[in-house]
Protein chains: 2
Amino acid sequence: MNYQYLLGLSIILFSTKILGLLTKKANMPQVVGALLAGLILGPACLGVIHTTNFFNQISEIGVIILMFMAGLETDTQELKRSGRAAFIIALLGVIIPLAGGFAVAALCHVGSDALPASLTLQYIFIGVILTATSVSISVETLKEMGKVSTKAGTAILGAALIDDILGIIALTVITSMADSSTNLVFVLLKIAGFFVFAIVAALLYKQLMQFFVRLSPDHNRRYILMSFAFCLFMAFCAEELFGVADITGAYVAGLVSSFNKKRERIYYDFDTVSYLLVAPVFFASIGLKVELASMSSSILIFTLVLTLTAILTKVLGCGLGAKMCKYTSRESIQIGVGMISRGEVALIVANKGEALGLITSELYAPIVIMVVVTTIVTPIFLKLAFKSPKKRAAAL
Amino acid sequence: MNYQYLLGLSIILFSTKILGLLTKKANMPQVVGALLAGLILGPACLGVIHTTNFFNQISEIGVIILMFMAGLETDTQELKRSGRAAFIIALLGVIIPLAGGFAVAALCHVGSDALPASLTLQYIFIGVILTATSVSISVETLKEMGKVSTKAGTAILGAALIDDILGIIALTVITSMADSSTNLVFVLLKIAGFFVFAIVAALLYKQLMQFFVRLSPDHNRRYILMSFAFCLFMAFCAEELFGVADITGAYVAGLVSSFNKKRERIYYDFDTVSYLLVAPVFFASIGLKVELASMSSSILIFTLVLTLTAILTKVLGCGLGAKMCKYTSRESIQIGVGMISRGEVALIVANKGEALGLITSELYAPIVIMVVVTTIVTPIFLKLAFKSPKKRAAAL
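Every chain's residues receive numbers from 1 upward, in the order its sequence appears when written. Chain labels run from A onward and ligand labels from 1 onward, assigned in the order the entries are written. Selection of residues for local features in this predicted model requires a pLDDT of at least 70, selection of side-chain atom pairs for listing and counting requires 80 or more, and totals for whole chains, interfaces and linings are taken over all residues. Excluding hydrogens and water, the side-chain figures rest on all heavy atoms present in the structure.

**Quick look at the interface of chain A and chain B**
With 49 residues of chain A at the contact, the number on the chain B side is 49 residues. The term buried area means the drop in 1.4 Å probe accessible area that two parts suffer when joined, counted for both and summed. Of all residues in chain A, Tyr3(A), Leu225(A) and Tyr275(A) give up the largest surface area on contact with chain B, accounting jointly for 14% of the area buried on that side. Between Lys or Arg on one side and Asp or Glu on the other, a salt bridge is scored when a side-chain nitrogen of the former is within 4 Å of a carboxyl oxygen of the latter. Applying the counting rule to chain A against chain B returns two salt bridges. Across the pair Asp271(B) and Arg221(A) runs a salt bridge, and its minimum N-O distance is 3.0 Å. Pairs of N or O atoms within 3.5 Å make up the polar contacts considered here, provided that, within protein, one atom can donate a hydrogen while the other can accept it, and that residues adjacent in sequence are counted only when both atoms are side-chain atoms. Seen at the junction of chain A and chain B, the total is eight residue pairs in polar contact (both at pLDDT 80 or more). Residues are treated as being in contact if the distance between any of their heavy atoms lies within 4.5 Å.

Listed below in structure tokens is the structure:
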């Protein structure tokens with residue numbers, strides 16, 4: 001057995017906390033410090049820690065727990081009210097980045113004739129990568145600020161949920177064009193199937209919990225443990241059986257558990273596991289993925305333009321969608337900003353594209369940098385967007 | 001990325017809890033149920049879950065956290081008082097199983113002429129495997145019964161700490177006889193070095209914590225996170241730099257943290273991570289390791305005799321040691337019983353022996369079964385040994 005991971009874990013916990021406290025002192029969310037810790041420790045800078053399977057798996061559990069907690073905190077009444085709005089926000093938040101990514105890729109000529117897919121398809125694929133939103137960072141920041149259940153917070157969560165589905169559809173359309181083994185109708189049926197499955201699973205889970213409550217009403221731990229087992233099960237089923245992202249499954253499990261009377265105790269114990277073990281690993285692991293290999297100047301320019309496009313198109317698309325749904329300008333900006341972060345979803349999409357011959361491996365570095373930058377700026381912008389107007393004026 | 005581990009984790013959490021509740025109903029500790037869950041899910045029975053690197057690493061963190069919590073709970077005054085006794089208990093608890101293991105191996109002729117080591121050395125090695133005590137199961141059981149800081153509980157922890165060191169010496173002696181690359185004096189110096197290192201690290205850690213307290217006295221989480229980072233760091237250093245077991249390092253880190261004012265909060269949050277994620281994986285993973293491959297009848301008999309010898313020699317050796325140190329007969333039995341469990345230490349030793357050509361791979365199954373049986377009977381016997389005499393009489 002190799003014990004190196006114990007040292008790695010120790011360093012990650014220590015440095016994410018130290019840098020988190022420093023960024024907090026600088027009036028930025030602690031998450032930024034944790035992301036920077038990964039960037040500094042990883043191959044981009046010091047190179048003392050590398051991503052391993054263990055860190056990847058722990059960090060996946062970290063995202064799952066974060067999304068479960070987001071579900072637990074979601075005000076379902078508000079989500080129902082904002083359902084139509086969330087759909088419009090998500091839709092515009094997919095279409096505009098898709099167009100933007102395509103335009104940037106075409107302008108920078110980043111395609112390769114050596115790939116099996118046509119250049120147009122390669123350019124569209126860059127657009128697809130820009131559609132993916134990862135709200136876990138926003139959720140963490142909103143949590144830190146106590147804003148998860150605000151109107152804008154709920155819209156962000158709802159829109160991200162729908163964005164995830166639209167992103168999967170976009171990915172499926174393009175992969176089905178590049179690869180004849182996937183069928184669009186079948187994929188759409190599977191997505192619908194997941195929601196039917198989720199409702200059935202939720203009902204069965206509720207029965208099981210009631211049985212436990214009758215058995216012994218005073219023991220909290222067994223419910224919390226069962227909630228975690230249920231959360232992991234839903235995450236697995238979403239990903240492996242229905243082709244939906246695992247975090248969508250975890251979010252749904254959280255929503256289901258939010259009706260539980262023990263909700264607050266469940267939240268508290270999940271939060272402990274999160275802050276003490278899995279969340280620091282997740283935040284650090286994003287920075288750890290960046291490798292600044294020898295990049296040509298044209299790739300550097302592409303990286304810059306891609307990153308700016310990623311930020312602007314999401315804020316524009318989602319903000320416009322929100323504005324159309326009669327949110328205030330302030331809320332529309334908050335919503336747009338909350339959707340900037342691309343996170344692991346974009347990386348998964350990029351991975352898939354490389355495997356299918358839709359992008360060259362040379363484009364992997366720009367995409368990772370875009371993900372890291374959008375992830376780092378999201379909490380900073382989000383904090384600014386939620387600052388009370390008076391305070392912001394004073395800060396300027 | 002493969003998401004199978006999410007399902008595996010979900011099944012482990014669910015089944016260890018369900019079986020734990022069943023064994024609790026049957027008046028046995030919940031740990032037994034968790035061990036049985038692993039046995040049932042693993043290749044020995046259903047074969048639905050297999051040990052993976054991920055489960056091994058999570059389960060290692062599980063042991064580390066359990067040992068840290070044991071250190072946190074240790075009554076250091078009592079440990080100082082019982083230091084000499086713990087040494088005698090550990091010494092007899094090593095010598096008698098060593099002799100017993102040798103005798104059984106010689107009687108059953110389990111050696112192989114094909115191995116590079118002499119038959120005598122191979123027989124001695126079986127004895128060395130029997131010396132290793134793993135107190136994590138006892139600690140968990142004592143915790144469940146609220147008996148960690150009793151006189152017997154403290155003696156068990158102290159003796160296990162020393163047993164660990166004596167076991168390492170025994171292992172080193174025999175491996176240095178089989179392999180010329182290890183040097184006994186050097187190993188002893190490293191063990192001494194670890195304790196010097198631990199004292200220095202503890203002092204530095206205390207300074208760091210005081211600095212944090214001055215910085216912001218009201219935030220608990222940063223201390224708890226730092227304690228965890230320190231615990232992992234000590235576990236790593238013990239194992240990799242000084243050749244002492246990682247759990248010894250974790251235990252020492254727990255002892256150091258037990259002087260912290262936030263001790264109870266630290267304990268509470270570690271306990272949450274333990275019960276909700278890492279401990280179920282640890283307990284299940286022991287059962288998962290059992291593979292009942294085609295075993296010959298002579299190997300079956302050897303398994304039976306080895307297991308009985310493992311149980312009897314530990315109870316006899318440690319009980320005798322305790323009796324010599326003027327513990328009551330009742331306490332001596334409690335101490336002897338608390339040391340029965342072999343756990344992961346014996347498996348690590350066996351692994352090492354196989355790599356050095358000291359045992360054949362055929363002997364691996366009997367050793368795993370011995371480990372599982374000693375681990376399952378320990379909590380049962382321990383609960384009986386701690387039952388008040390009146391209740392025990394009524395139960396008979």
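**Comments concerning the packing of aromatic side chains**
To pair, rings of Phe, Tyr and Trp, with the six-membered ring standing in for Trp, must have centres within 6.5 Å; the planes then decide the type, stacked if under 30 degrees apart, edge-to-face if over 60, and tilted in the middle. Evaluation of the coordinates by the stated rule reveals 25 aromatic pairs over all chains. Residues Tyr5(A) and Phe54(A) carry aromatic rings whose centres are separated by 4.9 Å and whose planes lie at 65° to one another, so their mutual orientation is edge-to-face. On the criterion of sequence distance, the pair formed by Tyr5(A) in helix H1 (residues 4-25) and Phe54(A) in helix H3 (residues 53-73) is long-range, its members being 49 residues apart. Only protein chains enter the accessibility calculation, which uses a 1.4 Å probe; a residue is then buried when its area is under 20% of its type maximum, exposed when over 50%, and partly exposed in between. The class of Phe54(A) is buried, set by a relative accessible area of 3%. Each ring, one from Phe228(B) and one from Phe270(B), has its centre 5.4 Å from the other, and the planes form 90°; the classification is edge-to-face. Taken together, the positions of Phe228(B) in helix H10 (residues 221-241) and Phe270(B) in helix H12 (residues 263-288) put the pair 42 residues apart, joining distant regions of the chain. Taken individually, Phe228(B) and Phe270(B) each receive the classification buried, so the pair is uniform in this respect. Connected via pairs of aromatic rings, a cluster forms that spans Tyr5(A), Phe54(A), Phe55(A), Tyr5(B), Phe54(B) and Phe55(B). For a ring to carry a charge above it, either NZ of a lysine or CZ of an arginine must fall within 6 Å of the ring centroid while also lying within 35 degrees of the normal to the ring plane. Seen from the ring of Tyr275(B), Arg221(A) lies directly overhead, with NZ or CZ sitting 4.1 Å from the centre. Helix and strand definitions here come from DSSP, where helices need a minimum of 4 consecutive H or I residues and strands a minimum of 2 consecutive E residues; each element is numbered from the N-terminal end.

**Section: the relation of the copies chain A and chain B**
For this overlay, a least-squares fit was computed on C-alpha atoms, restricted to residues scoring pLDDT of at least 70 in both copies. Laying chain A over chain B is done by rotating through 180° and shifting 0.1 Å along the axis; what remains is an RMSD of 0.1 Å. Overall, the copies show the geometry of a two-fold rotation axis. The C-alpha atom lying nearest the rotation axis in chain A is that of Val273(A); the distance is 2.6 Å. Mapped onto chain B, 100% of the interface residues of chain A are again interface residues, and the two copies thus contact each other with one and the same surface.

**Brief notes about the packing of helix H3 (residues 53-73) of chain B against helix H11 (residues 246-257) of chain B**
The description of two helices packed together rests on the angle between their axes and the distance between the axes. Residues and elements named next belong to chain B. Fitted lines through C-alpha atoms give the axes, limited to the stretch in contact for helices. The angle between two N-to-C directions lies from 0 to 180 degrees. Where H3 contacts H11, the axes come no closer than 7 Å and their chain directions differ by 35°. Between H3 and H11 lies a crossing of right-handed hand. In this structure, H3 contributes Glu 60, Val 63, Ile 64, Met 67, Phe 68, Ala 70, Gly 71 and Leu 72 to the contact, and H11 contributes Asp 246, Ile 247, Ala 250, Tyr 251, Ala 253, Gly 254, Leu 255 and Ser 257. Per-class residue counts for the contact of H3 with H11 are 11 nonpolar, three polar and two charged. Should the near helix be turned anticlockwise from the far one by less than a right angle, the crossing is termed left-handed; should it be turned clockwise, right-handed. Under the scheme applied here, ten amino acids are nonpolar (Ala, Val, Leu, Ile, Met, Phe, Trp, Tyr, Cys and Pro), four are charged (Asp, Glu, Lys and Arg), and all others, including Gly, are polar.

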